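Chains, contacts and geometry: an overview
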Amino acid sequence: MTALTDPMKKIIDDELSHYPADKRQSAIIGALMGVQREHGGHLDQFIIDAVADYMDIPRIAAYEVATFYSMFNLSPTGQYQLSVCANISCMLNGADTIIDTIKETLDVTPDGVSEDGLFSLKLVSCLGHCDNAPMLQVNDQRCVMKLTPEKVKMLLSELRGGAKL
Ligand code: FES
């Protein structure tokens, strides 16, 4: 059984404070987002159970959210999570080449982490920048658009060198 830390409990309490007592379930997205940040960037079965139990909501309600939205990671991530849009506009504009470039350059598979722990690759649905396809997002901080294989290699090299997001 995973125990929630005090900072995790505070995050959940803060989220719960925005909703009436009989609508506790509405706080689940914010609660899971905050707990994920505190938990090294990902969630697992035990931490999801712990959040649901602490919030006094059905565990299935937490799983419905954690397994639906791509912003939740259900396995460990690298320091830099590369979320590559694999939806229609990006695919029509070469996302498959971008994905292949990342896989080959980092020797990583979707939902996997590079050997040095720096990068993880995730394929996601539309991130709302279809007019600048293909694109990816680094962590939840930076979007890089109109990608080419060369631009991706440059980005990876910058991140390896410690560039700020
Ligand atoms: S289809 Fe890729 S950002 Fe919309």
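These lines cover the structure that appears in this document, whether it is placed above or below. (Residues numbered from 1 in each chain as written. Predicted model: local features only at pLDDT ≥ 70, side-chain atom pairs only at ≥ 80, totals over all residues. Heavy atoms only, no water.)

Within this structure, the stated rule accounts for two aromatic pairs. Between Phe 68 and Tyr 69 the ring centres are 4.9 Å apart and the planes differ by 90°, which places this aromatic pair in the edge-to-face class. Accessibility expressed as a relative area gives 63% for Phe 68, which makes it exposed. Consider the rings of Tyr 80 and Phe 119, whose centres lie 5.7 Å apart with planes at 35°: the pair is tilted. A residue pair is termed long-range when its members are at least 10 positions apart, and Tyr 80 in strand β1 (residues 80-85) and Phe 119 in strand β2 (residues 119-124) qualify at 39 residues. Each member of the pair, Tyr 80 as well as Phe 119, is classed as buried. (Phe/Tyr/Trp six-rings, centres within 6.5 Å; stacked < 30°, edge-to-face > 60°. Buried < 20%, exposed > 50% of the residue type's maximum accessible area, 1.4 Å probe, protein only. Helix = DSSP H or I, 4+ residues; strand = E, 2+ residues; numbered from the N terminus.)

All right, on to the pattern of salt bridges then. Tallied over the full model, the rule gives five salt bridges. Its salt-bridge partner being Arg 59, residue Asp 49 comes within 3.5 Å of it at the nearest N-O pair. With Asp 49 in helix α3 (residues 45-55) and Arg 59 in helix α4 (residues 59-66), this pair connects stretches of sequence that are ten residues apart. When its relative accessible area of 11% is taken as the criterion, Asp 49 is described as buried. Here Asp 116 and Arg 160 are joined by a salt bridge, their closest N and O atoms 4.0 Å apart. One end of the pair, Asp 116, is in the loop between α6 (95-106) and β2; the other, Arg 160, is in helix α7 (residues 149-160), with 44 residues separating them in the sequence. A relative accessible area of 44% means that Asp 116 is categorised as partly exposed. The class of Arg 160 is partly exposed, set by a relative accessible area of 44%. When salt bridges with common partners are traced through the structure, they connect Asp 49, Asp 53 and Arg 59 into a single cluster. (Salt bridge = Lys/Arg side-chain N within 4 Å of Asp/Glu carboxyl O.)

Attention shifts here to the nonpolar core. Grouped together as the largest cluster of nonpolar side chains are 22 residues, with contacts concentrated most on Ile 12, Ile 28, Leu 32, Leu 43, Val 51 and Met 55. Contributions of two or more residues to this core are made by α1 (6-16), α2 (28-38), α3 and α4. Residue contributions to this core peak at six residues, all from α3. Discounting chain neighbours no more than four positions away, the residues touching Leu 32 are Leu 43, Val 51, Ala 62, Val 65, Ala 66 and Phe 72. Ile 99, Val 108, Val 152 and Leu 156 belong to the second-largest nonpolar core, a separate cluster that totals 19 residues. (Core = buried A, V, L, I, M, F, W, Y, C linked by side-chain atoms within 4.5 Å. Contact = heavy atoms within 4.5 Å.)

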